[in-house]
Every structure is written in structure tokens, then in C-alpha cells.
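# Close look at the chain arrangement
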Amino acid sequence: MMQKLLSFGLVIALLPVLGYICMTLGFRLGVIDFGAVFNGLKFIVPALMLAVVVLLAVALGSFMGGRPGQASLSLLSAFAAFAMILGPLQMKKQGETVPPIHDISTDTQDPPAFVTAAPLRKAGENPAAYDRAQTARQVEAYPDLVPLSLELSTEDAFEICLQAVEDAGLELLDQQKEEGRIEAVATSRWFGFKDDVVLRIRPQAEGGSIVDIRSKSRIGVSDLGANAARIRGLREDILALAENQS
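Scope of this entry: the structure provided in the associated data block. It should be emphasised that the depicted structure is a prediction, and the values quoted were computed from it without experimental measurement.

On the surface, L18, I21, L25 and W190 cluster together into a nonpolar patch covering about 380 Å² of accessible area. For L25, the position within the fold is in helix α1 (residues 2-28).

Following the sequence through the fold, N227 ends up in helix α6 (residues 226-245). In terms of polar contacts, N227 uses its side chain to reach the side chain of S215, at 2.5 Å. Ignoring any residue separated from it by four or fewer positions in sequence, one finds N227 in contact with H102, I104, D195, S215, K216 and S217.

Time to look at the nonpolar core. Judged by nonpolar contacts, the single largest core of 29 residues is most densely connected at L150, I182, L199, V211, I213 and I238. Of all elements in the fold, only β2 (148-150), α5 (154-167), β4 (181-187), β5 (194-203), β6 (209-217) and α6 reach the threshold of two or more residues within this core. No other element matches α5, which puts seven residues into this core. What I238 contacts, discounting residues up to four positions off in sequence, is L148, L150, I160, C161, A164, L199, V211 and I213.

With six of seven residues buried, β4 lies mostly within the body of the structure. In the sheet, strand β3 (residues 171-176) pairs with β4 via five bridges, with the strands oriented antiparallel. Bridge pairing links E171 to V185 in β4. Here β3 folds back onto β4 in antiparallel fashion, the turn holding four residues, of which G180 has a positive phi close to 70°.

Right, let's talk about the pattern of salt bridges for a bit. The tally for this structure, following the rule as stated, stands at 16 salt bridges. As a salt-bridge pair, D144 and R232 come within 2.8 Å of each other at their nearest N and O atoms. Here D144, found in the loop between α4 (135-141) and β2, pairs with R232, found in helix α6; they are 88 residues apart in sequence, far enough to count as distant. Judged by its relative accessible area of 37%, D144 falls in the partly exposed class. A salt bridge links R202 to D212, with the nearest nitrogen and oxygen atoms 3.9 Å apart. One end of the pair, R202, is in strand β5; the other, D212, is in strand β6, with 10 residues separating them in the sequence. If you follow the salt bridges from partner to partner, you end up with D107, D110, R200, R202 and D212 in one network.

Cut-offs applied
- Residues numbered from 1 in each chain as written.
- Predicted model: local features only at pLDDT ≥ 70, side-chain atom pairs only at ≥ 80, totals over all residues.
- Heavy atoms only, no water.
- Patch = residues over 30% accessible without salt bridge, like charges linked within 9 Å, V, L, I, M, F, W, Y side chains within 5 Å.
- Areas by Shrake-Rupley, 256 points an atom, 1.4 Å probe, with all protein chains shown as cover.
- Salt bridge = Lys/Arg side-chain N within 4 Å of Asp/Glu carboxyl O.
- Helix = DSSP H or I, 4+ residues; strand = E, 2+ residues; numbered from the N terminus.
- Polar contact = N/O pair within 3.5 Å; in protein donor to acceptor, adjacent residues only side chain to side chain.
- Contact = heavy atoms within 4.5 Å.
- Core = buried A, V, L, I, M, F, W, Y, C linked by side-chain atoms within 4.5 Å.
- Buried < 20%, exposed > 50% of the residue type's maximum accessible area, 1.4 Å probe, protein only.
- Pairing = 2+ DSSP bridges.

Printed below as a string of C-alpha cells:
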């Protein structure tokens, strides 16, 4: 009986793993869309939780029945299944602490526009245009994300911004020094989700430069705070590079 329960627990623990891998490959290959991935993820946590319960029961029964080897295997499998639950649970918790938006800009009145990245967005993905309906939520959640003022010429500021983009590991899409525009894309490691980033460098009337950064996810309603964190990191890197140059 315990052996059958162990086999059952291992199967229901393995199926979500295989499903997760298949969804990843399918999305990267363009075989399935984000909606299918999102719906598939809903079943992973319940399946893994069931596996943990079954495997723990097997571990207890095997230990009481004098089968330490089977008990150890069941217990290790239960811990492995539980460890896999932590990732989705952390994502859910993170999503509850940030507003459901996916387009963040340091300038919400005149946000930098995507030029090179705009045509890369496919039908059904989030449009490149800025959605002003979410501005109030951004301002409330991320009041620190404002334009960055530098006591540098636009030429020097452009080079610093370009260096910050490269240091952040973003894929450079375009750089137009005359326009003061840098575009790049960030790709998530596992599923390959893409967020477009644009930096705009303009001269200030009183001298120096002003830098604005915008980051927008191509898919999804909520970015789990990723775009705001990316902008915050770029701002910090740009300031550090500017201080080293002065």
C-alpha cells in the first residue's frame, strides 16, 4: 500500500514539473501564448501541495512500518515538492504588494516613447503607447521614480546612460545620440518574458541634463514590480557613474 502511495505521490509531483518545462519551451517557441501559460500555472501549486501531503503520509507510514529507506525517499521528495511551491507563492505574494500595472515612467506627463521597440510588439501584446489610466497608481506606489537631473552635458549623460544599460545586462536595441534616445530590452531567464526600456536624455534650461526612463512589459497585466525595480536600479547606476566622472 505504501509503495503504491509513494508511486502516486511521485507521479503527481513530477507532472507539474514536466508541465512547467513544456509550458516554458512552448512559450519560447511561440507554440502557446501567455494566457495558456498563466492558466497552466494555476494548477501547479495545488498539484504540488497534494503531492506534499501524500508523500508526507507515505513517509510517516513507512517509518512506522519499519521501512526507513522508503520513508527517507518519501520525505526528501516531499521537501523537493514543497521547495517548488515556494517560487509561485513568492510571486503571488509579490503581486499582492504592488499595483497591477506594467508600464512605469519617470515622466508620467510626457513619457519617453518607444520607437525601435514599438514594432517588435506582436498582436495581442500590450501596446507601446502609454496608458494614462494607470498614472495615479504609479505615482502612489512609486513616488521616488522621478526625472533624474545631472550636472553633465547631454553628450556625457548619454554615454553614462549607455554604460548603465550595458552594465545592467540589457540587450541594446537602438542608440540615437542626436535624439538623446536609448532603447533596450530585458528578457526573463526562464520563460523569456520581455520588457522594453527607453531612456531619454535632454538638456535642461538652467544647464546640465535631465534623464527619463520608461520600462514596459510586453505581456501581462501586472509586472510584479519588475519595471519599477529596473528603473530604480538604472537610476542608481547612472548617479554612481556620474559621480565617478565628476
